[in-house]
There are 2 protein chains.
Amino acid sequence: MTERRPYRRESEERRRDDLIAAALELVAEGGLRAATVRAIADRAGVTPGLIRHYFSSKEDLTRAAYRKLMDSMTADSAAVLQDAPTDPLARLARFVVASVSPPVVDPVAVGLWAGFVHDVRRDASMREVHSATYLAFRDKLQSLIADLPRQATAQQLRREAIACNGLIDGLWLEGSVLPESFEDGEIAAIALASVGAILGVNLTQAYDLERNIL
Amino acid sequence: MTERRPYRRESEERRRDDLIAAALELVAEGGLRAATVRAIADRAGVTPGLIRHYFSSKEDLTRAAYRKLMDSMTADSAAVLQDAPTDPLARLARFVVASVSPPVVDPVAVGLWAGFVHDVRRDASMREVHSATYLAFRDKLQSLIADLPRQATAQQLRREAIACNGLIDGLWLEGSVLPESFEDGEIAAIALASVGAILGVNLTQAYDLERNIL
DNA sequence: TTCTGAATTACACAAACGTATAACAGCCGG
DNA sequence: CCGGCTGTTATACGTTTGTGTAATTCAGAA
């Protein structure tokens, strides 16, 4: 007659969220390899069997976790523009800076992203999630660029958006993987100057101006 | 009396190289998870035990494979400048284009890189390999920029190199993960235009000019 | 040709993996 | 206060993992 572990019954939504959160933590720390059924259950404070009660397989949980990650990333970048200024230059400047600063730039996020790369390339449904998120971010960037007081063709707009998005991604990558190689604010300053150069506008000035007003 | 598998004795270098190559193939295909001792041995045409004869542990083999990957990447980028023109603008243009074109831009390479990210962050020796390779590439880029007929301070040079490197990395990433989202040569054209804009020079023209001469 | 030693195979082992199933216990409607 | 539904735990199974060790066989030296 051994003691049986006491437990609480939780709502399905709560349990699924907890399990997904636990899985993401583990993937961030040690890659998908570290996110075993037992480790996830332990982190979430339940026993392994419960996972299969809420997810038909470990792969199912993995997909759910990836969706959650991507959704929260898009939400973060969108939140920056919530109370943004009306001046197009200042809006773009703020968006750029936010994209290469914490919490977006974060070793954990890169680890998470890297952990899913292989599954994204293999699994069609995960690739779809990835593609949608990526294009949503780029489209938002492109709309911010289109609002600038300039003249530009559609093709030029597209290419500028791709370039700026690539620059942001690259700086996001480097800043996250090798954070000790850069001074505070250096990446943000570089991002502003470079995006401004690509677009032919002065983002640095726009950012500083709006900052001083506040 | 079962039949024992026949085999050939090979040099240590040959065997180590084969095992490393097999490990890299598997990591590229399915991440570190797929690179099991047995799978690597099978791919290399030997039995699993042999791996531990040449590598003290699987982790040891992993480190060796990562070093090999990074070394070959630096070698690839260096090879581009082997028979490069003398004009600084044309040299930089060629380097930029090569960095965002095959074989550098390659889904396999991104998969490989992503597969190692976690181990890079955890293991000090792997982080050192990563850091050295990254900085070597950026330094090369910075020296190419410094050769341009312009005036620039040391800090400005550093930041321009970081920006261009980030842009190249980002385009490398996007072009590799979502190759179907871009037309042929589009990424190269974007890279030339954007790097040129960041540095205040016309790289597109320099690239086309040198191309027409050949 | 024979001998020797090192490269290679073969086998074994404990731990950890994802999965399946049955037993328990918390909680809601009576 | 009490059944019964089901969320949850417990346990077990077959596979695969990395690793350790002994047996074998290839290739060069003598």
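**Notes on the relation of the copies chain B and chain A**
Then comes step 1: Taken as rigid bodies, chain B and chain A are interconverted by a rotation of 180 degrees and an axial shift of 0.0 Å, the fit giving an RMSD of 0.1 Å. The superposition of one copy onto the other is thereby described by a two-fold rotation axis.
Then comes step 2: A shared binding surface is used by both copies, with 100% of the interface residues of chain B retained as interface residues in chain A.

**Let's talk about the protein's contact with DNA strand C**
Then comes step 1: Near DNA strand C, the surroundings consist of 22 residues, among which Arg9 of chain A together with Arg4, Arg15, Thr47 and Tyr54 of chain B are the closest.
Then comes step 2: Looking at DNA strand C alone, sugar and phosphate atoms form 69% of those within 4 Å of the protein.
Then comes step 3: Here a phosphate oxygen of DNA strand C and a side-chain polar atom of His53 of chain B are 3.3 Å apart.
Then comes step 4: Those elements giving two or more residues to the surface near DNA strand C turn out to be α2 (37-44) of chain A together with α3 (51-54) of chain B.
Then comes step 5: Taken together, the residues of the surface near DNA strand C sort by class into six nonpolar, five polar and 11 charged.

**Digging into the domain arrangement of chain A**
Residue and element names in this part refer to chain A.
Then comes step 1: Here chain A is described as being made up of domain 1 (9-55) and domain 2 (67-213).
Then comes step 2: The straight-line distance from the C-alpha centre of domain 1 to that of domain 2 is 30 Å.
Then comes step 3: Roughly 570 Å² is buried in total at the junction of domain 1 and domain 2, and carbon and sulfur atoms are behind 83% of that figure.
Then comes step 4: If you sort the residues of domain 1 by the area they bury against domain 2, Leu24, Ala28 and Leu32 come out on top, with a joint share of 69%.
Then comes step 5: Summed over the shared surface of domain 1 and domain 2, the number is zero salt bridges.
Then comes step 6: The interface formed by domain 1 and domain 2 contains zero residue pairs in polar contact (both at pLDDT 80 or more).
Then comes step 7: Here the side of domain 1 that touches domain 2 is composed, by residue class, of five nonpolar, no polar and no charged.

**Focus: the side chain of Glu174 of chain A**
Then comes step 1: Looking at the secondary structure, you find Glu174 of chain A in helix α8 (residues 154-177).
Then comes step 2: In this structure the side chain of Glu174 of chain A is engaged in a polar contact, spanning 2.7 Å, whose partner is the side chain of Tyr134 of chain B.
Then comes step 3: Those residues in contact with Glu174 of chain A, other than ones at most four positions away along the chain, are Pro179 and Phe182 of chain A together with Tyr134, Ile162, Asn165, Gly166 and Asp169 of chain B.

**A look at the protein's contact with DNA strand D**
Then comes step 1: If you check the shell around DNA strand D, you find 22 residues, and the closest are Arg4, Arg15 and Tyr54 of chain A together with Arg9 and Arg52 of chain B.
Then comes step 2: Of what DNA strand D places within 4 Å of the protein, 69% of the atoms are sugar or phosphate.
Then comes step 3: Between Arg15 of chain A and DNA strand D, the recorded distance is 2.3 Å, taken from a side-chain N or O atom to a phosphate oxygen.
Then comes step 4: Lys58 of chain B has a polar side-chain atom sitting 2.8 Å from a phosphate oxygen of DNA strand D.
Then comes step 5: Those elements that place two or more of their residues in the surface near DNA strand D are α3 (51-54) of chain A together with α2 (37-44) of chain B.
Then comes step 6: Grouping the constituent residues of the surface near DNA strand D by class yields six nonpolar, five polar and 11 charged.

Parameters at a glance
- Residues numbered from 1 in each chain as written.
- Chains lettered and ligands numbered in written order.
- Predicted model: local features only at pLDDT ≥ 70, side-chain atom pairs only at ≥ 80, totals over all residues.
- Heavy atoms only, no water.
- Least-squares fit on C-alpha atoms with pLDDT ≥ 70 in both.
- Contact = heavy atoms within 4.5 Å.
- Near = heavy atom within 4 Å.
- Polar contact = N/O pair within 3.5 Å; in protein donor to acceptor, adjacent residues only side chain to side chain.
- Helix = DSSP H or I, 4+ residues; strand = E, 2+ residues; numbered from the N terminus.
- Nonpolar A, V, L, I, M, F, W, Y, C, P; charged D, E, K, R; others polar.
- Domains from an automatic or database assignment.
- Buried area = accessible area lost by both parts, 1.4 Å probe.
- Salt bridge = Lys/Arg side-chain N within 4 Å of Asp/Glu carboxyl O.

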